[in-house]
Amino acid sequence: MENFLLKNIENPDSADIEEYLKIGGYKNIAKAFELEPKAIIEEVKKAGLRGRGGAGFPTAMKWSFAAADPKFPKYLLCNADEGEPGTFKDRPILEKNPHLLIEGMVISGYALGAEYGYIYLRGEYPHAKDVLNKAISQAYEKNYLGDNILGKSIKFHLAVHQGAGAYICGEETALIESLEGKRGQPRTRPPFPVNVGAWAMPTVVNNVETLCNIPYIISIGSEAYSQIGSKDCPGPKLYCVSGCVEKPGVYELPMGTSLKDIIFNHAGGIKGGKKLKAVIPGGISTPVLPESMIDCPMDFSSMPKHGSMLGSGAVIVMDESVCMVKVTYRALKFFEHESCGKCTPCREGTEWLRKSLGRIERGEGREGDIELLQEISENIMGKTFCPLGDGAAGVVLGMLKHFKGEFEEKIKAKGSRV
Amino acid sequence: MLSETVLKEIEEIKAKYPSARSALLPALYVAQREFGWQSEKAMQAVAQALNLPEAEVRGTATFYSMYKHKPMGRHLIQLCTNVSCMILGAERLVDFLKNRYGLTQNGTTADGRFSLVIMECIGGCDMAPAMLLNTDFYGDLTEEKIGEILGGYK
């Protein structure tokens with residue numbers, strides 16, 4: 001399969017508008033403007049595009065809710081917060097292919113009736129901020145952004161909003177709060193952002209990769225697009241592989257490529273010829289899979305059947321030398337730090353989990369600690385305001401399911417394995 | 001106080017949004033650039049420029065980890081120790097920075113040259129272990145390599 005999302009990124013000047021135009025960039029705007037907005041939503045629906053941020057929600061459905069709301073103005077927000085540990089799939093687009101994202105946002109804005117867009121970019125990507133700002137001003141100069149795009153009286157304005165280091169802002173309602181200049185704490189739903197979002201107006205929040213798929217659908221048509229990858233969630237997918245592999249990086253592959261294939265064929269297998277032990281398949285919030293379970297298609301529908309989730313497609317590979325207790329402890333330190341403090345099970349629960357895990361990790365584990373971890377996790381799962389708590393609990397429960405022996409061993413030995 | 005030029009910059013930021021409050025995050029970045037950190041004066045100046053209660057400004061400024069609440073060194077080392085970086089040796093780098101420079105989490109060297117912030121994931125997992133030094137990414141770090149890189153920042 002030829003790359004679309006990562007097309008031309010080996011070109012050192014790929015972020016320049018002239019280079020983008022040379023490879024046929026921005027042509028899909030004109031093509032899309034030939035269609036009625038409703039027809040574009042229908043195309044995206046027929047293409048079967050599901051949101052690439054982690055939840056896999058059908059994009060066209062989200063759009064149609066916002067489009068149907070009579071309130072104006074509507075807003076289109078690009079979620080470029082990419083904070084899920086292990087995830088760096090959107091960075092090549094943001095740093096090297098910014099015009100694809102802009103093109104996708106102009107078409108999407110037209111489809112759902114949004115005339116204003118913001119890219120919510122994580123604070124940890126300072127280089128991407130400069131690239132995006134330059135790309136946006138180039139797009140304004142060439143009339144791909146503004147009040148009268150391509151002379152068609154279609155309006156779309158775009159700006160970058162830089163986050164400031166808060167994982168929770170990847171959650172769409174927290175992202176909106178943060179865009180409004182507040183602490184990034186999730187909102188009660190309903191009302192949903194598609195009706196009452198940014199500045200109380202209908203708002204669609206889409207991931208970078210999702211928006212970059214739109215020009216592709218317009219370019220090849222929904223029929224051809226729906227033939228790529230898994231039947232019920234087609235299209236190309238960016239998988240980012242890190243950890244103990246020979247060739248870590250971002251790989252654009254058909255959705256549903258097997259985890260095993262991603263690790264061993266694309267990412268070059270395990271570093272230094274060591275043995276594979278476990279994989280976190282979709283970013284730190286997704287449950288771990290032991291080596292014996294990696295022969296599974298990486299898509300939204302298949303992964304839950306194999307006991308995990310596609311998440312952001314961030315594959316973290318761990319070889320035989322990696323201690324699972326240590327990984328779990330580090331993960332929980334992260335969740336405790338990033339818990340926004342709004343709801344008790346998450347705020348308190350992540351701290352308790354981190355403390356208990358720290359004790360085991362330091363060789364001070366007590367009998368009954370495993371049961372305690374289990375109990376705390378079950379008291380978080382499904383009882384928190386947003387998915388952050390579920391992620392934290394899922395990590396612990398997944399580790400205990402597959403690597404309980406390692407925790408027991410460490411408690412018994414009263415000392416570190418590594 | 002903020003200079004006329006900086007206040008004008010904040011006015012331009014405000015114009016990008018339908019409400020002035022939305023300019024708070026970018027305005028805090030501007031204040032941090034001007035004052036070096038989120039001092040009382042910095043947050044007061046932002047509150048004044050955006051016509052917001054100081055408590056609201058402080059509440060937001062303390063929520064986000066990239067706003068600094070004490071003075072920082074000339075160069076900011078933001079080192080990732082999350083799982084992908086940890087399993088490839090980030091902890092050794094933390095030890096190295098402590099032993100060589102006396103740097104610990106949120107600390108600054110005695111000469112004010114470097115400050116260290118241990119980060120959650122910075123999205124540099126393909127080049128783990130990775131860090132941001134000011135606004136530059138560095139990856140595939142070893143003790144030797146990080147020592148060389150820091151040598152270039154005076």
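Calculation criteria
- Residues numbered from 1 in each chain as written.
- Chains lettered and ligands numbered in written order.
- Predicted model: local features only at pLDDT ≥ 70, side-chain atom pairs only at ≥ 80, totals over all residues.
- Heavy atoms only, no water.
- Helix = DSSP H or I, 4+ residues; strand = E, 2+ residues; numbered from the N terminus.
- Rg over C-alpha atoms; globule rule 2.2 N^0.38 Å.
- Buried < 20%, exposed > 50% of the residue type's maximum accessible area, 1.4 Å probe, protein only.
- Contact = heavy atoms within 4.5 Å.
- Areas by Shrake-Rupley, 256 points an atom, 1.4 Å probe, with all protein chains shown as cover.
- Lys, Arg positive; Asp, Glu negative; His and termini not counted.
- Charge placed at Lys NZ, Arg CZ, Asp CG, Glu CD.
- Pairing = 2+ DSSP bridges.
- Phe/Tyr/Trp six-rings, centres within 6.5 Å; stacked < 30°, edge-to-face > 60°.
- Lys NZ or Arg CZ within 6 Å of the ring centre and 35° of its normal.
- Axes fitted to C-alpha atoms, helices over the stretch in contact; angles between N-to-C directions.
- pLDDT = per-residue confidence, 0-100.
- Salt bridge = Lys/Arg side-chain N within 4 Å of Asp/Glu carboxyl O.
- Parallel < 35°, antiparallel > 145°, perpendicular 65-115°, else oblique.
- Left-handed = near helix turned anticlockwise from the far one by under 90°.
- Nonpolar A, V, L, I, M, F, W, Y, C, P; charged D, E, K, R; others polar.
- Domains from an automatic or database assignment.
- Patch = residues over 30% accessible without salt bridge, like charges linked within 9 Å, V, L, I, M, F, W, Y side chains within 5 Å.
- Polar contact = N/O pair within 3.5 Å; in protein donor to acceptor, adjacent residues only side chain to side chain.
- Buried area = accessible area lost by both parts, 1.4 Å probe.

> Just to check I follow, could you spell out the overall build of chain A for this structure?
Along chain A, the regular secondary structure elements total 15 helices and ten strands. For 418 residues, the compact-globule estimate of 2.2 N^0.38 gives 22 Å, and chain A sits close to it at 22 Å. Over its C-alpha atoms, taken along the principal directions, chain A stretches across nearly 75 × 45 × 35 Å. Counting over 418 residues, chain A shows a buried share of 62%. Pairs at least 24 residues apart make up 69% of the contacts formed inside chain A by residues separated by at least 6 positions. Here chain A displays about 15,300 Å² of accessible surface, and carbon together with sulfur accounts for 52% of that area. Across chain A, the 51 positively charged side chains and the 52 negatively charged ones have centroids separated by 2 Å.

> Quick question: what am I supposed to make of the sheet that holds strand E8 (residues 276-280) of chain A here?
Within a beta sheet, neighbouring strands are joined by backbone hydrogen bonds and run either parallel or antiparallel to one another. Residues and elements named next belong to chain A. Overall, mixed pairing links the five strands, which are arranged E7-E6-E10-E8-E9 in an open sheet. On the outer flanks of this sheet lie strand E7 (249-254) and strand E9 (289-290), each paired with one strand and no other. Pairing analysis gives four bridges linking strand E6 (residues 236-243) to strand E10 (residues 314-319), with the strands arranged parallel. Counterpart to Cys240 in the pairing with E10 is Ala314.

> Whenever I open this one, the packing of aromatic side chains confuses me. Can you help?
Remark: the centre distance and the inter-plane angle together describe each pair of aromatic rings, the angle taken between the planes. Residues and elements named next belong to chain A. Counted under the stated rule, the structure contains 18 aromatic pairs over all chains. The positively charged end of Arg122 is found above the aromatic ring belonging to Tyr125, 5.3 Å away from the centroid. In this structure, Lys237 packs its charged tip against the face of Tyr239, placed 5.9 Å from the ring centre.

> Looking at this structure, I do not really get the sheet that holds strand E5 (residues 203-207) of chain A. What am I missing?
Residue and element names in this part refer to chain A. Judged by pairing direction, the sheet is mixed, and its five strands sit side by side in the order E3-E4-E2-E1-E5 without closing on themselves. This sheet does not close on itself; its edge strands, each paired only once, are strand E3 (146-149) and E5. The mean angle between the axes of side-by-side strands here comes to 25°, regardless of whether they run parallel or antiparallel. As defined by bridge partners, strand E2 (residues 114-121) adjoins strand E4 (residues 154-162) across six bridges and the pair is classed as parallel. When the sheet's bridge partners are listed, Tyr118 is paired in E4 with Ala159. Its contacts with the sheet put helix H9 (residues 208-225) on strand E1 (74-80) and E5, and the angle it makes with E5 is roughly 90°.

> I tried to follow the pairing of E4 of chain A on my own but got confused; where do I start?
A regular strand places its side chains on the two faces of the sheet in alternate fashion. Residue and element names in this part refer to chain A. Among the nine residues of E4, seven are classified as buried, and the element is accordingly described as predominantly covered. As defined by bridge partners, E3 adjoins E4 across two bridges and the pair is classed as antiparallel. Within E4, the position partnered with Gly146 by the bridge is Phe156. The turn joining E3 and E4, which pair antiparallel and follow one another in sequence, is formed by four residues; a positive phi near 50° is taken by Leu150.

> Quick question: what am I supposed to make of the confidence of the model for chain B here?
Close inspection of predicted coordinates is inappropriate in any region flagged by low pLDDT. Of all residues in chain B, 100% have pLDDT values of 70 or greater, and the mean over the chain is 97. The ipTM value of the predicted complex is 0.97, and its pTM value is 0.97.

> Looking at this structure, how should I read the pattern of salt bridges?
One side chain can pair with another of opposite charge once the charged atoms of both are near each other. Residue and element names in this part refer to chain A. By the definition in use, this model includes 36 salt bridges over all chains. Across the salt bridge formed by Lys22 and Glu19, the nearest N and O atoms sit 3.0 Å from each other. Of this pair, Lys22 and Glu19 both sit in helix H1 (residues 17-22), three residues apart, which is roughly one turn of the helix. On the accessibility criterion, Glu19 (17% relative accessible area) is buried. Glu34 is paired through a salt bridge with Lys152; the nearest N and O atoms lie 3.9 Å apart.

> In this structure, what is going on with the packing of helix H13 (residues 344-361) of chain A against helix H15 (residues 387-413) of chain A? I would like to understand it.
To characterise two packed helices, one gives the angle between the axes of the helices and the distance between these axes. Residues and elements named next belong to chain A. Viewed as axis vectors pointing N to C, H13 and H15 meet at an angle of 20°, and their least axial separation amounts to 12 Å. One element, H13, and the other, H15, form an angle in the roughly parallel class. Note on packing geometry: the crossing formed by H13 with H15 is left-handed. Between H13 and H15, the residues in contact are Cys346, Thr350, Leu353, Leu357, Ile360 and Glu361 and Leu388, Gly389, Ala392, Val396, Phe407, Lys410 and Ile411, respectively. Classifying every residue of the contact of H13 with H15 gives nine nonpolar, two polar and two charged.

> Got a minute to help me understand unusual backbone geometry in this structure?
That bond from Phe72 of chain A to Pro73 of chain A is cis: its omega, -5°, falls within 30 degrees of zero. As for its placement among the helices and strands, Pro73 of chain A is situated in the loop between helix H4 (59-68) and E1. Unlike most non-glycine residues, Tyr26 of chain A shows phi in positive territory, near 70°. One can find Tyr26 of chain A in the loop between H1 and helix H2 (27-33). Using a relative accessible area of 2% as the deciding quantity, one classes Tyr26 of chain A as buried. Non-glycine residue Asn134 of chain B carries a positive phi angle of around 55°. Checked against the element boundaries, Asn134 of chain B lands in the loop between strand E3 (131-133) and strand E4 (136-138).

> What am I meant to see in the domain arrangement of chain B here?
A common way to express how large an interface is: the accessible area buried when the components associate. Here the domain parsing of chain B yields domain 1 (4-63) and domain 2 (75-151). One C-alpha centre belongs to domain 1 of chain B, the other to domain 2 of chain B, and the line joining them spans 29 Å.

> Before we go on, may I ask you to explain a nonpolar patch on the surface in this structure?
All names here are of chain A. On the surface, Phe57, Met61 and Phe65 cluster together into a nonpolar patch covering about 270 Å² of accessible area. Take Phe65: it is sitting in helix H4. Assessed through its relative accessible area of 40%, Phe65 is described here as partly exposed.

> Is there a simple way to explain the side chain of Thr203 of chain A in this structure?
Residues and elements named next belong to chain A. By the secondary structure assignment, Thr203 is in strand E5. Polar contacts involving the side chain of Thr203 include one to the main-chain amide nitrogen of Ala198, which spans 2.8 Å. Once you skip the residues sitting within four places of it in the chain, Thr203 turns out to touch Tyr75, Leu77, Ile176, Pro193, Val194, Gly197 and Ala198.

> Would you mind showing me how to read the packing of helix H1 (residues 4-14) of chain B against helix H2 (residues 24-35) of chain B here?
Residues and elements named next belong to chain B. With their axes 10 Å apart at the nearest point, H1 and H2 run at an angle of 160° to one another. Taken together, the axis directions place H1 and H2 in an arrangement best described as roughly antiparallel. Between H1 and H2 the crossing geometry is right-handed. On H2, the residues that touch Val6, Glu9, Ile10 and Ile13 of H1 are Pro26, Ala27, Val30, Arg33 and Glu34. Considered class by class, the residues forming the contact of H1 with H2 number six nonpolar, no polar and three charged.

> Would you explain the interface of chain A and chain B in this entry?
Each partner contributes residues to the interface: chain A has 55 residues there, and chain B has 38 residues. Together, the buried faces of chain A and chain B total about 3,500 Å²; carbon and sulfur atoms form 61% of this surface. In this structure, Lys326 of chain A engages Glu91 of chain B in a salt bridge whose closest nitrogen and oxygen atoms are separated by 2.9 Å. If you look at where chain A meets chain B, you find 22 residue pairs in polar contact (both at pLDDT 80 or more). Broken down by secondary-structure element, the contributors of at least two residues to the side of chain A that touches chain B are helix H5 (91-96), E2, E4, helix H8 (172-179), E6, E10 and helix H12 (324-338) of chain A.

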